[in-house]
Amino acid sequence: MREIFAAEGSPLGRFGGIYEIPPIVRDDWLNGLAERFSEAEIEIQERQLETLLAWSDGHPYATMLVAGEVYLAVREVGADNVDDVSMRLGFERAMARERANHERLVERLR
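This structure is a prediction, so every number in the text was calculated from the model and none was measured.

Peer 1: Help me understand unusual backbone geometry, please; the structure alone is not making it clear to me.
Peer 2: Generally, phi is negative for residues other than glycine and the peptide bonds are trans, each holding for most cases. Its identity as a non-glycine residue notwithstanding, E41 has a phi of 60°, on the positive side. Mapped onto the elements of the fold, E41 is located in the loop between helix 2 (26-39) and helix 3 (46-56).

Written as structure tokens, this is what we have:
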């Protein structure tokens with residue numbers, strides 16, 4: 001991306017730039033995720049949000065992927081609260097969704 005959009009002399013060099021963004025702090029994650037689940041009328045406990053952040057290491061893509069899969073797991077059973085089963089199922093589904101991407105990356109590296 002740097003070569004395409006930020007390198008001087010590249011065809012798209014004047015159409016973009018590289019911006020470093022700060023990491024999302026823990027409290028912002030906790031508040032933001034709690035708010036999103038609440039908007040969906042799903043109850044989630046702070047300890048479950050902490051677990052979700054630990055699993056994803058706070059990485060934005062991974063965090064949202066796991067949160068989305070947890071949401072789907074809760075909705076599939078018609079529940080209105082997150083339990084430990086839906087947490088684990090959401091995590092396992094997120095890992096399964098990414099497995100193919102990881103395998104392609106490993107193959108490319110070989």
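Peer 1: Could you clarify how one ought to interpret helix 5 (residues 84-109) in this entry?
Peer 2: Because an α-helix packs 3.6 residues into every turn, residues spaced three or four apart end up facing the same way. The first and last C-alpha atoms of helix 5 sit 36 Å apart over 26 residues, in line with the 38 Å expected at 1.5 Å per residue. Looking only at helix 5, the buried set comprises S86, M87, G90, F91, A94 and E98. Considering only its buried residues, helix 5 is in contact with helix 3 and helix 4 (60-76).

Peer 1: Would you mind showing me how to read the environment of A62 here?
Peer 2: As for its position among the elements, A62 is in helix 4. For the pair A62 and L52, spaced ten residues apart in sequence, the C-alpha to C-alpha distance is 9.5 Å.

Peer 1: Is there a simple way to think about the environment of D83 in this case?
Peer 2: Its location among the elements puts D83 in the loop between helix 4 and helix 5. Separated by 57 residues in the primary sequence, D83 and R26 have C-alpha atoms spaced 21 Å apart. A polar contact is formed between the side chain of D83 and the backbone nitrogen of S86, at a distance of 2.7 Å.

Peer 1: Looking at this structure, I do not really get the packing of helix 2 against helix 3. What am I missing?
Peer 2: Packed helices, taken two at a time, are described by the angle their axes make and the gap between the axes. Between helix 2 and helix 3, the least distance of the axes is 10 Å, while the angle of their chain directions is 120°. One element, helix 2, and the other, helix 3, form an angle in the oblique class. Between helix 2 and helix 3 lies a crossing of right-handed hand. Judged by residue contacts, R26, W29, L30, L33 and A34 of helix 2 engage E46, L49, E50, L52 and L53 from helix 3. Residue classes in the contact of helix 2 with helix 3 are distributed as seven nonpolar, no polar and three charged.

Calculation rules
Residues numbered from 1 in each chain as written. Predicted model: local features only at pLDDT ≥ 70, side-chain atom pairs only at ≥ 80, totals over all residues. Heavy atoms only, no water. Helix = DSSP H or I, 4+ residues; strand = E, 2+ residues; numbered from the N terminus. Expected span 1.5 Å × (residues − 1). Buried < 20%, exposed > 50% of the residue type's maximum accessible area, 1.4 Å probe, protein only. Contact = heavy atoms within 4.5 Å. Polar contact = N/O pair within 3.5 Å; in protein donor to acceptor, adjacent residues only side chain to side chain. Axes fitted to C-alpha atoms, helices over the stretch in contact; angles between N-to-C directions. Parallel < 35°, antiparallel > 145°, perpendicular 65-115°, else oblique. Left-handed = near helix turned anticlockwise from the far one by under 90°. Nonpolar A, V, L, I, M, F, W, Y, C, P; charged D, E, K, R; others polar.

Coordinates in, geometry out; function isn't part of it.
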